[in-house]
Every structure is written in structure tokens, then in C-alpha cells.
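Here is how the chains run, residue by residue.
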Amino acid sequence: MGEERVSLGKTLQRKDIWGFAFGSVVGWGWIMMAGNWVRMAGTMGAVIAFVIGAVITAIIGCIYAEMTPMLPLSGGVMVWSYRCSGYNFCWFTGWAICFAYLATAAFEGPAFATAIMYLFPIPQGPLLWTIAGYEVHLTWLIISLAGICGVMFLHYRGTKMAAKFNTIAAVALAIGGLIFFFGSVTLGDIQNAMPAIRDGIGGIELVMMSVPCMFLGFDVIPQASEEMDIPLKQIGWMVIFAITLGALWYIGMILGVGFAAPLDMVIDEPIPLAAAAEIVFGSKIFGFILIVAGVGGIITSWNAMFMGATRIMFAMARAKLLPEVFAKTSKYNTPYAAIMLTGSIGIIAPFLGKNAITWFVDASSLGSVVAYLCVAISFVLLRRKEPNLERPWKLPAGRLMGVLGVVSCLFFISLYMPFGSSSLGLHEWSMVILWVVIGLVLYFMNKRQKVTLKERELLLFGEEYARPEFMKDTYK
């Protein structure tokens, strides 16, 4: 092969991975959206939606837990898809999960500014414009952009630095959330959580649309597996750990906001959970504490989505599926071009206003479920094609779980389609269509590159995991 394969250093220790595992799943969305979930489906209806979503996600998560230590390479889902079915399937999978990461990372800037403006009495500044009923003010916009630039700097300086900030933020997140939950269920009133279910199955389905995005993050672990300095089997358990904690967290926060106060007292507030905390504890200081926890969630999920987006672009470019500039690394061994692109998309998001958070959440949910479907298909095919490939963490009843994974993903995808009961709206479909068009352009541009199967095999898998039959010169 004519060039050396670029690799990322193993800089992540167990304590760093804990922060990513927990913080990647539990971000900021719960503090902004838990009140809306209760409004749409009722307290128990929202819990039911998340229980169903957690079960489906756990099936996919178990598949990830086997696949990640089996092929612990940057790119994760994209690498697995190539292994089972080649170039086209690989490209489609990588582009789908990249969209999910970028869309989720994009709404963190507006969320960060909203939290900071709630914490501190900062003047809003002049009104710039109004989008979808939300006023965009200069101060809010500046804070959003400053947060995005800060995250870009952290990731440019190295994974280890980002991981340190992530761990601190994850601790703050856990403390604040636990205070709110235990305070609400002990000091609150069950009557506040009535009616338990609103709008029947329709309300539950509406909440379920947000579930994939809320759990998006456990799949960042495979993206960073090449940089983890722990035994391979433990990487699989980290995936299960992240999903389990995420499910318990979201259910706890839904119960917390349900018990804390009557919904009509908090639902129209800028940050409903903070208002609920102030009411149930009888002090504004607890609303402040919850927002600090929420800022911790913003940082953890922001870091995770940045990690996922930049690593999938790095892996695709390293395999010559994207322009090679995205595989270039800085003196800190970080993919600087991928970081710049991810940050640039994040910079655009605040100009769309706070209401765009919902658009990005729903659009990224579709992208993530499509990628999960590809992973489930890859799992089924690789169990058949390469049964002897070493699997440090092996899923029991693998064939059955693979089929369940495929069926579960198809069910979720149907919810987002125009014929579904909870179809995506115009803004979300516009994002999806734009991403597809960009993808098609890049796909055909890179398809023209002259890359032998042997070269692609080495670029994707390195010498340790490359398949011998693809290393012969006869493959062109």
C-alpha cells in the first residue's frame, strides 16, 4: 500500500470512559423536554414510552456490546457494515450515523445559551429576528457561539482533555439530578402526576419519537474504542452500562417532574424542570442547582456527539470514503478538519432559534435508528459469515436477538414516515433530504477514487483485523 494508516492514540482510561458512557446518553434534553413528555402522554404514559424504548435500545445495545470489542476500530458501525457487505452498505451506514451525531451536537449550543441565561441575570440584548415563534436575541446568540467554540477547542487539544471536563460534568449532572428526583418523590404529590396517561397510544407514540435521540450516545463508545486503554471485554459491558443508566435516569426525571408540581404551573416556563424544582423545594436555589446539573449534561453529551461525529468522519476519510482531509490529524493527534466541520454546523444551529432543538432531536432520531438497523443487519450477517471471529463479549441467543433488533428498528422507522402516526414535520424532513443530497454528491465524488480492495482492507481494519483473503494482490 502506498501510504501509512493513520491511527489514534490509546488515551482513554476507565474513569474517562465512565464519564463518556453516562454522559453520552444523559445530556440536556431531559431538562428541556421532560415536561413536554408528561404533557403529551401523562407521567405513566411517558414512563411506558421510555420503558419500551429502553427495551428496544437494549436489544441494539447488546448487539453493539458484541460487535465493539470484536472489531474495536474508530468508525464502529461503518467498519462493521463494510465487513459484512462492502462499500455501498458501509457508506450508507456511516453517513446515517454521522447525521445523527451532527444533528444532536447542533442543538447543544442553543441549549447551553438557554441554561446560562437562566442561571445569570444577563440582559437579552437587541432582538435580531423571530423564527417559528421564537425570538433570537444577540446575547443568547453570542453565548451559543462561545460555547461551540469552546467545545471545538477542547476537542482540538486532545481526547484526554475533553474526557477530563466530561468526568467533572458527569459528576455534577448526577448529583443535581438525584437531588431533584428524591426531593420530588418525597416532597411532591402523586395527584400532580394525574392523569397518569394522556391521549392513549397516540401520546405514548409521540414521546417514543424522542427516545432514540435521548439514548443516542451509547454508540459513541464504539467510535472511541480505538482510543480506549482497557480490556476488550470491558468495552462491551460499558455499552450495556450506558443504556441501563440512561433508562433509569429518564424514567426518574419523568417521575420527578410529574410528582413535583401541577403540570400547568411549569409547562410554559423557559425550563420546566427548574421551575418544578423551585416549587417542590420552595426555593429558587434548587432550580439553580438543577440547571447547573443540566449544564453538566450539555457538556457531557456535547463532548460525546463531537466525539462520535468527528471519529466517524475520520474513519470514513481514512478509508477513502470521504475527502482525505478529514483523516488528517493535528499535533495533538486529533482529526482537526472533522472537528472544524462539526463545529461549523453547530455554529449554524443557534441562528435558527431555540425551537430548532425539537427539529434536530427528531431528525437525529431517524438517523440513529436507520444506523441501528444497519448494525443489526451487520450483526446477523457476520454471525453467519465469520462465526470463528474472536468475540470477547458474546451475546447469548445471537440469531434471535439479531432478528429482534431488525424488527425493532423497522418499527421505530415506521413512526417517522409520512404514513406513520407521528411523522416528522417539514423542518425535520428538510434536514434529512439536505443530508441525503450532500451524501449523494460526496458518494459519487469518492467512488471515482482508485482504491484496491487490499488497500481499503488495511485502511479500515489495519493489519491486526484485516482478512487474509483480501490481502492478495489479485483483488483489485
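In this report, the structure presented in the accompanying data block is examined. (Residues numbered from 1 in each chain as written. Predicted model: local features only at pLDDT ≥ 70, side-chain atom pairs only at ≥ 80, totals over all residues. Heavy atoms only, no water.)

On to the overall build of the chain. The number of helices and strands found in the chain is 20 helices and two strands. Against the 2.2 N^0.38 benchmark of 23 Å for 476 residues, the chain shows a C-alpha radius of gyration of 22 Å, consistent with a compact globule. In terms of principal-axis extent, the alpha carbons of the chain reach across some 75 × 50 × 45 Å. The 476 residues of the chain split such that 62% are buried. Carbon and sulfur atoms make up 68% of the accessible area of the chain, which amounts to about 18,100 Å² in all. For the chain, the distance from the average site of its 32 positive side-chain charges to the average site of its 28 negative ones is 9 Å. (Helix = DSSP H or I, 4+ residues; strand = E, 2+ residues; numbered from the N terminus. Rg over C-alpha atoms; globule rule 2.2 N^0.38 Å. Buried < 20%, exposed > 50% of the residue type's maximum accessible area, 1.4 Å probe, protein only. Areas by Shrake-Rupley, 256 points an atom, 1.4 Å probe, with all protein chains shown as cover. Lys, Arg positive; Asp, Glu negative; His and termini not counted. Charge placed at Lys NZ, Arg CZ, Asp CG, Glu CD.)

To continue, consider the packing of aromatic side chains. Counted by the stated rule, this structure contains 21 aromatic pairs. Aromatic pair W37 and F50: ring centres 4.7 Å apart, planes at 55 degrees, arrangement tilted. Here W37 is found in helix α2 (residues 29-41), whereas its partner F50 is found in helix α3 (residues 43-70), with 13 residues between them in sequence. Of the residues examined, W37 reaches a relative accessible area of 0% and is grouped as buried. (Phe/Tyr/Trp six-rings, centres within 6.5 Å; stacked < 30°, edge-to-face > 60°.)

Among the nonpolar cores identified, the biggest contains 171 residues, and W30, W37 and F50 are the most heavily contacted of them. Take this core: its biggest share by element is 18 residues, from helix α17 (residues 356-385). When sequence neighbours within four positions are dropped, the list of residues in contact with W30 reads W37, L173, M214, W249, Y250, M253, L273, L290 and G294. (Core = buried A, V, L, I, M, F, W, Y, C linked by side-chain atoms within 4.5 Å. Contact = heavy atoms within 4.5 Å.)

Let us now look at the packing of α2 against helix α12 (residues 232-260). Running from N to C, α2 and α12 point in directions that differ by 60 degrees, and their axes come no closer than 9 Å. In terms of crossing hand, the pair formed by α2 and α12 is right-handed. On α12, the residues that touch W30, A34, G35, W37 and V38 of α2 are W249, Y250, M253, I254 and V257. Residues of the contact of α2 with α12, tallied by class, amount to nine nonpolar, one polar and no charged. (Axes fitted to C-alpha atoms, helices over the stretch in contact; angles between N-to-C directions. Left-handed = near helix turned anticlockwise from the far one by under 90°. Nonpolar A, V, L, I, M, F, W, Y, C, P; charged D, E, K, R; others polar.)

What follows deals with α3. In this model, α3 (28 residues) spans 40 Å end to end at C-alpha, consistent with the 40 Å of a helix rising 1.5 Å per residue. By the criterion of burial, α3 is predominantly enclosed, with 22 of the 28 residues buried. (Expected span 1.5 Å × (residues − 1).)

All right, on to the side chain of R391 then. For R391, the position within the fold is in the loop between α17 and α18 (398-416). Of note is the side chain of R391, whose polar atom sits 3.3 Å from the backbone oxygen of L382. Polar side-chain contacts of R391 include one of 3.0 Å to the backbone oxygen of L389. Contact partners of R391, with chain neighbours within four places excluded, come to E66, M70, L382, R383 and E386. (Polar contact = N/O pair within 3.5 Å; in protein donor to acceptor, adjacent residues only side chain to side chain.)

Here the focus is the pairing of strand β1 (residues 127-131). Here β1 pairs with strand β2 (residues 134-137) via four bridges, running antiparallel. The residue of β2 that forms the bridge with L127 is H137. Taking the residues that link successive antiparallel strands as the turn, the β1-β2 hairpin has two residues, and the phi of A132 there is positive, at about 50 degrees. (Pairing = 2+ DSSP bridges.)

Let us now look at the pattern of salt bridges. All chains considered together, the criterion is met by six salt bridges. The partner of E278 in a salt bridge is K284, and the shortest N-O contact between them spans 3.6 Å. Among the ionic pairs, E457 bridges to R467, the shortest N-O distance being 2.8 Å. Of this pair, E457 sits in helix α20 (residues 453-465) while R467 is found in the segment after α20, placing the two residues 10 residues apart along the sequence. Judged by relative accessible area, R467 falls into the buried class, the value being 8%. Where salt bridges share partners, they join E66, R383 and R391 into one cluster. (Salt bridge = Lys/Arg side-chain N within 4 Å of Asp/Glu carboxyl O.)

Turning next to α2. For α2, spanning 13 residues, the distance from its first C-alpha to its last is 17 Å, which sits close to the expected 18 Å at 1.5 Å a residue. At G35, α2 shows its maximal bend, which comes to roughly 25 degrees. Most of α2 sits inside the fold, with 11 of its 13 residues counted as buried. Among the residues of α2, G29, W30, I31, M32, M33, A34, G35, W37, V38, M40 and A41 are the ones counted as buried. (Bend = angle between axes of the 7 residues up to and from the residue.)

Turning next to the packing of helix α4 (residues 77-85) against α20. Where α4 meets α20, the axes come as close as 12 Å, and the angle between the chain directions of the two elements is 120 degrees. Looking at the two axes, α4 sits oblique to α20. Our pair here, α4 against α20, has a crossing hand that is left-handed. Listed contacts from α20 to M78, V79, Y82 and R83 of α4 are L453, R456, E457, L460, F461 and Y465. Across the contact of α4 with α20, the residue classes tally to seven nonpolar, no polar and three charged. (Parallel < 35°, antiparallel > 145°, perpendicular 65-115°, else oblique.)

Turning to the state of the cysteines, a few remarks are in order. All chains considered together, the criterion is met by zero disulfides. Free cysteine: C149, not disulfide-bonded; nearest cysteine sulfur from C98 at 20 Å. The thiol of C374 is not disulfide-bonded; the next cysteine sulfur, from C84, is found 8.8 Å away. (Disulfide = S-S within 2.5 Å.)

A word on unusual backbone geometry. Here the bond from M194 into P195 is cis, since omega is -5 degrees, no more than 30 degrees from zero. Residues other than glycine seldom take positive phi values, yet N333 does so here, at roughly 65 degrees. Its location among the elements puts N333 in the loop between α15 (284-318) and α16 (336-348). Accessibility expressed as a relative area gives 29% for N333, which makes it partly exposed. Although it is not a glycine, A397 adopts a positive phi angle of roughly 50 degrees. Take A397: it is sitting in the loop between α17 and α18. Using a relative accessible area of 49% as the deciding quantity, one classes A397 as partly exposed.

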